[in-house]
Amino acid sequence: MPPSATQNCKYAPVAPADGAREESYLHPGPSSGGSRWQDVLKIATVVALSMLVTYQAAEIYRSGGGAKQVSGGDVFSGGDCPYSPKSDPNPDMKGPKVVWRMSFPNSGTSYTGKVIKNLSNYTSATTYGKEGRLDDRGYTVPLREDSPEGPFLSHFIGNGVPNYVLTKTHCGGRCFKCGPDKYIETQESFERACRTGGRIEPGKDGKGSKKVKTRYSTDIIQRAVHVIRDPFDNIVSRFHLERHSYMRENDTEWLEKYSTDFDGFQAYCQTIDERYVEEEEDNRFLGDDVRALFEGIPCHGDFFKYAQWHTLAVATRDRLRLPTHVLYYENFDSDFDGTVNALLEFLELERVGPPKPDFIKGKTYRNLYTEEQRVKVMKLIHRVVSADAWRLLERYNYV
């Protein structure tokens, strides 16, 4: 049966457990000799000049015994929640503080942002200037005066800018219709992508507009909200986004071939999977064991991206020591009030407005996969993710 209850984060000091952590693709087990840490750093130096390596990505943030050591010697653990420090990394910082809304695309990002905006009547922000508010001169408006590189105000309503500003970011490793040469990431490249976007400004001679690439500092990031959605629903939702682009073009042939039912989705995945077979075979960072797990999984590349993304999201918020709230998209269905109230409390916002837009209950796409495919998907995810990330995703391991 699928999980239904909302679980709130509770932080309690615990002692690090003894013994090696469970092995995974992103997190190999301890080396039998020498310093694996030093080996990884050497590898990373070479790889940074060519390709981004998943092995190195996760190894940087490895922690022993299933508990995450944070500065000061405190170790925190808590149910479904990530290991998270109790206080902001810079509690004395003045001005609006960035709270990353970290989400793999199509996992409920837009809905979460809209419902919090309506409930709190406060503005939010985005890493991506093209989604932001423009001033009278045609420039995106930065959230902070001392950070013109972003993030940027999404809109400006009601109560204005709160102390903790929910800020959209999709980070890296989430490209659409791409092979492993593009989607395999290190923790460093993933974290850079989390704060890389672009601002909009007037074009030459005031004609039109142009986008300028930006990247803001980690210093202004004080907290994170980690949005998670059922992987099966998440990948189908990405497929639906692709269909919307063809609907705008009125490409009826494509839409009929890749319909929203079981056959249409399976056909779409087969087309995508076949496109990247050679690239997957040639990629030296996808081991034979992982390629073997790809077999029989529709849209297997997207499921790998999903697993990698959540592993690196956990790694990044640990590295930056961000107090983090985990938000499961499905909990809007099972406990809407509890879910939004817990998020508002984390953001230190009061609930003042109506809960709009309404959440569509009971929407799931697991029926677009066979039972055998669902089992294989969860085996792949379990193999790829870190132990800490699996703790967050294990709730979806049911048929």
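What counts, and at which threshold
Residues numbered from 1 in each chain as written. Predicted model: local features only at pLDDT ≥ 70, side-chain atom pairs only at ≥ 80, totals over all residues. Heavy atoms only, no water. Helix = DSSP H or I, 4+ residues; strand = E, 2+ residues; numbered from the N terminus. Buried < 20%, exposed > 50% of the residue type's maximum accessible area, 1.4 Å probe, protein only. Disulfide = S-S within 2.5 Å.

Looking at the environment of Arg137
With respect to the helices and strands, the residue Arg137 is situated in the loop between β5 (125-126) and β6 (152-153). The exposure class of Arg137 is exposed, given its relative accessible area of 60%. Spatially, the C-alpha atom of Arg137 lies 8.2 Å from that of Glu201, the residues being 64 residues apart in sequence.

Regarding unusual backbone geometry
Note that the residue after Gly150, namely Pro151, is joined by a cis bond; omega there is -5 degrees. Along the chain, Pro151 falls in the loop between β5 and β6. Of note in the backbone geometry, Asn121 takes a positive phi value of approximately 65 degrees without being a glycine. Checked against the element boundaries, Asn121 lands in the loop between α3 (109-120) and β5. For Asn121, a relative accessible area of 30% puts it in the partly exposed group.

Side note on the state of the cysteines
Evaluation of the coordinates by the stated rule reveals 3 disulfides. A disulfide bridge connects Cys175 with Cys178, and the sulfur atoms are separated by 1.8 Å. Looking down the S-S bond of the Cys175 and Cys178 bridge, the torsion is 75 degrees, so its handedness is right-handed. The exposure class assigned to Cys175 is partly exposed, which follows from its relative accessible area of 24%. Shown here is the disulfide that connects Cys269 with Cys299, its sulfur atoms set 2.1 Å apart. Disulfide Cys269-Cys299: the torsion about the S-S bond is -95 degrees, which places it as left-handed. Of this pair, Cys269 sits in helix α8 (residues 262-275) while Cys299 sits in the loop between α10 (288-294) and α11 (300-319), placing them 30 residues apart in sequence. Note on accessibility: Cys269 and Cys299 belong to one class, buried.

Geometric values such as these leave the question of function open.
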